[in-house]
Amino acid sequence: MTIRTALLQGAKLLEEASVTAPRLTAEVLLAHAAGCDRTWLFAHATDELKEVWWIHFGRYLHERTKGKPTQYITGKQEFYGRDFRVTPDVLIPRPETEHLIEAALEVPAESIPAKSILDMGTGSGAIAVTLALELNTPVTACDISAPALRIAAANARTLNAPVHFVHCNWGAPFSSQTFDLIVSNPPYVGRHEQLPIEVRDHEPGAALWADDDGLAAYRQLIPDALRLLRSGGRLILEIGSTQAAAVSAMLSACSAVEIRKDLAGLPRVVIARRP
């Protein structure tokens, strides 16, 4: 069997299982099985497929048709131009979260003179690591999940990012510290919301669900964040597309609140300035 034939058969199997982007997924899975990139597959389309590649490719296809996300099969996800390790212990970083990064990078330098930054609920560490590297400054990151922190710390080491990780729930242990910038992508999915099977059954529930209305995490983290922000500091949060009004109301003590939309035109990021 050639590489081209394997890709055609894999894509057909994925399409029959209603997997999104079946051809691209087949390419990614076969490249992972062969230990190469997709470009190499295209350049060697007529090469014979090695038996060990076919065995791994078949297993990956089976896992994907049963709903396992491609990122958990390959163990990685690109975010802001960098590859991050991901496992079922952490939420898979989404492109929408890059809007939070962009908002943070747009904060004027004079507003973060000490460059003290806290990422609350860091998960894979994608936000904290990205900000540390883009701003060339140390970042503090916390999470209640010890397994998630292990993944985040591994990502920081791999990418040489100066991030200090703390095992805690929101801002509880930081009573003696203040920060110029606090960011968070908390759980914000309400229990009544329908999610794709690969998200619902495979990604960590603690990083997704937030009671019936999806706002429970904001009710906990916003008071903590405002307590820890210095005067004039910024709080930047990712939100669900229907939560802009509710989260803005929780930030009524702030001197300015701005809503940013994603590429689909949906509210995605809230930026608040502490008086």
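Below or above, wherever it landed, is the structure these notes cover. Not measured: the values here are computed from a predicted model.

1. Here we look at the pairing of strand S7 (residues 229-238)
Counted residue by residue, S7 has eight buried out of 10 residues, so it is predominantly covered. In the sheet, strand S6 (residues 179-184) pairs with S7 via five bridges, with the strands oriented parallel. If you follow Leu181 over to S7, its bridge partner there is Arg234. By the bridge criterion, five bridges tie S7 to strand S9 (residues 267-273) in an arrangement that is antiparallel. Each residue of the ladder has a partner; that of Arg234, found in S9, is Arg273.

2. Let's talk about the nonpolar core
Formed by 30 residues in total, the largest nonpolar core has its most connected members in Leu131, Val139, Val163, Phe165, Leu181, Val183 and Ile236. For this core, the elements supplying multiple residues, two or more each, are helix H6 (98-105), helix H7 (126-135), strand S4 (139-143), helix H8 (146-158), strand S5 (163-167), S6 and S9. Among the elements that line this core, the one with the most residues is H7, at seven residues. Not counting residues within four places of it along the chain, the set of residues in contact with Val183 comprises Leu100, Leu118, Asp119, Met120, Ile127, Leu131 and Ile236. Leu118, Met120, Trp170 and Leu237 belong to the second-largest nonpolar core, a separate cluster that totals 28 residues.

3. Notes on the sheet that holds strand S8 (residues 256-261)
Strand order in the open sheet formed by seven strands is S5-S4-S3-S6-S7-S9-S8, with mixed pairing between adjacent strands. Across the chains shown, the open sheet's two edge strands, defined by having one partner strand only, are S5 and S8. Between one strand and the next, the sheet's axes are offset by a mean angle of 20°, whatever the strand orientation. Direction of pairing for strand S3 (residues 117-120) relative to S4: parallel, over a ladder of three bridges. Counterpart to Asp119 in the pairing with S4 is Ala141. Sheet strands in contact with H6 are S6, S7, S8 and S9, and its direction is about 160° off that of S7.

4. Observations concerning the environment of Leu251
For Leu251, the position within the fold is in the loop between helix H11 (244-250) and S8. Sequence separation between Leu251 and Met1 is 250 residues; the distance between their C-alpha atoms is 60 Å. For Leu251, the contacting residues outside a window of four places in its chain are Ile222, Leu235, Val257, Val270 and Ala272.

5. With respect to the environment of Phe42
Within the secondary structure, Phe42 is located in helix H3 (residues 38-43). For Phe42, a relative accessible area of 44% puts it in the partly exposed group.

6. Observations concerning the side chain of Ser184
Among the secondary structure elements, Ser184 is positioned in strand S6. On the basis of relative accessibility, which here comes to 0%, the residue Ser184 falls in the buried class. At 2.8 Å, the side chain of Ser184 forms a polar contact with the backbone oxygen of Met120. In this structure Ser184 touches Leu100, Asp119, Met120, Trp170, Leu221, Ile236, Leu237 and Glu238, once residues within four positions along its chain are discounted.

7. What to know about unusual backbone geometry
Positive phi outside glycine occurs at Ser18, with the angle close to 60°. Note that Ser18 resides in the loop between helix H1 (3-16) and helix H2 (22-34). Although it is not a glycine, Asp211 adopts a positive phi angle of roughly 60°. Here Asp211 shows up in the loop between helix H9 (197-200) and helix H10 (216-228).

8. Concerning the state of the cysteines
Applying the stated criterion across every chain yields a total of zero disulfides. We note that Cys254 lacks a disulfide partner, and the nearest cysteine sulfur, in Cys142, lies 18 Å from it.

9. Looking at H10
An α-helical turn contains 3.6 residues, so a residue and the one three or four places further along point in the same direction. Helix length check: H10, at 13 residues, gives a terminal C-alpha distance of 19 Å against a target of 18 Å (1.5 Å per residue), a fit within 8%. For H10, the secondary structure elements touched by its buried residues are S3, S6, S7 and H11.

10. Considering the pairing of S4
For S4, the buried fraction is high: five of the five residues fall into the buried class. Covered by surrounding structure in S4 are Val139, Ala141 and Asp143 together with Thr140 and Cys142, the residues of both alternating faces. As a crossover connection, the stretch from S3 through H7 into S4 is right-handed. Note that S4 and S5 share five bridges and pair parallel. Counted as the bridge partner of Cys142 is Val166 from S5.

Parameters at a glance
Residues numbered from 1 in each chain as written. Predicted model: local features only at pLDDT ≥ 70, side-chain atom pairs only at ≥ 80, totals over all residues. Heavy atoms only, no water. Buried < 20%, exposed > 50% of the residue type's maximum accessible area, 1.4 Å probe, protein only. Helix = DSSP H or I, 4+ residues; strand = E, 2+ residues; numbered from the N terminus. Pairing = 2+ DSSP bridges. Core = buried A, V, L, I, M, F, W, Y, C linked by side-chain atoms within 4.5 Å. Contact = heavy atoms within 4.5 Å. Axes fitted to C-alpha atoms, helices over the stretch in contact; angles between N-to-C directions. Polar contact = N/O pair within 3.5 Å; in protein donor to acceptor, adjacent residues only side chain to side chain. Disulfide = S-S within 2.5 Å. Expected span 1.5 Å × (residues − 1). Right-handed = clockwise from strand over helix to strand, strands pointing away.

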